[in-house]
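# Coordinates in review
Each chain is listed here by its residues.
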Amino acid sequence: RHRFPSLQRMARVRCPAFIAHGDADALIPPEMSARLAAAANGPVTREIVPGAEHNNLFSTADEAFFRKLRHFLAQAGQN
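All residue numbers refer to position in the chain's written sequence, counted from 1. Restriction of local features to residues with pLDDT of at least 70 applies here, the model being predicted, together with a cutoff of 80 or more for giving and counting side-chain atom pairs; totals for whole chains, interfaces and linings are based on all residues. Based on all heavy atoms of the structure, the side-chain values leave hydrogens and waters out of the count.

## Observations regarding the pattern of salt bridges
We apply this condition: Counted as salt bridges are all cases of a side-chain nitrogen of Lys or Arg within 4 Å of a carboxyl oxygen of Asp or Glu. The numbering of helices and of strands both runs from the N terminus, where a helix is a DSSP run of H or I of at least 4 residues and a strand a run of E of at least 2. Working definition: with a 1.4 Å probe on protein chains only, accessible area under 20% of the residue-type maximum means buried, over 50% means exposed, and in between means partly exposed.
For the structure shown, the criterion picks out two salt bridges. A salt bridge links Lys 68 to Glu 47, with the nearest nitrogen and oxygen atoms 3.3 Å apart. Placement of Lys 68 in helix 4 (residues 63–77) and of Glu 47 in strand 2 (residues 44–49) is noted, with a sequence separation of 21 residues between them. On the basis of relative accessible area, Glu 47 is assigned to the buried category, the value being 15%. The salt bridge involving Glu 63 is made with Arg 70; its shortest N-O contact spans 2.4 Å. Of the residues examined, Glu 63 reaches a relative accessible area of 42% and is grouped as partly exposed.

## Let's talk about the packing of aromatic side chains
Geometry of an aromatic ring pair is reported as the spacing of the ring centres plus the angle between the planes. Stated precisely, the cut-off is as follows: For Phe, Tyr and Trp, where Trp contributes only its six-membered ring, two rings pair if their centres lie within 6.5 Å, and the inter-plane angle classes them as stacked under 30 degrees, edge-to-face over 60, or tilted in between.
In this structure the tally under the stated criterion is five aromatic pairs. Centre to centre, the rings of Phe 18 and Phe 72 are 5.4 Å apart; their planes meet at 55 degrees, and the pair counts as tilted. Of the two residues, Phe 18 sits in strand 1 (residues 17–22) while Phe 72 sits in helix 4, which places them 54 residues apart along the sequence. On the basis of relative accessibility, which here comes to 14%, the residue Phe 72 falls in the buried class. A ring pair is formed by Phe 65 and Phe 66, whose centres lie 5.2 Å apart and whose planes are at 85 degrees; its orientation type is edge-to-face. Since its relative accessible area comes to 22%, Phe 66 is described here as partly exposed. Three or more aromatic residues link up through ring pairs in this structure, and these residues are Phe 18, Phe 58, Phe 65, Phe 66 and Phe 72.

## Description of the environment of Asn 41
Operational definition: For this analysis, residues touch if any pair of their heavy atoms sits within 4.5 Å. Polar contacts here mean pairs of N or O atoms no more than 3.5 Å apart (in protein, one a potential hydrogen donor and the other a potential acceptor; neighbouring residues in sequence count only if both atoms are side-chain atoms).
Relative to the assigned elements, Asn 41 resides in the loop between helix 2 (31–39) and strand 2. A C-alpha to C-alpha distance of 5.0 Å links Asn 41 and Arg 14, two positions 27 residues apart in sequence. With residues up to four places along the chain from it excluded, the contact list for Asn 41 reads Met 10, Ala 11, Val 13 and Arg 14. Here the side chain of Asn 41 touches Ala 11 through a polar contact of 2.3 Å, landing on its backbone oxygen.

This is the structure in structure tokens:
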């Protein structure tokens, strides 16, 4: 019922972005993360978390996901 102009806003993103999405998200289709990544004008790291739904991504993610997130944040902190 709520509409968010995410694709239009993502087109204005020029900095590195980290997009995480659960492959079991029933609220926002997982394909949306691919569309958001394609719409960005900056580099995108996209991670799909197997079994994660809309509200449990971080509690479902494994250590490999958190290593990638920490690496992304460390790189972003150097810029």
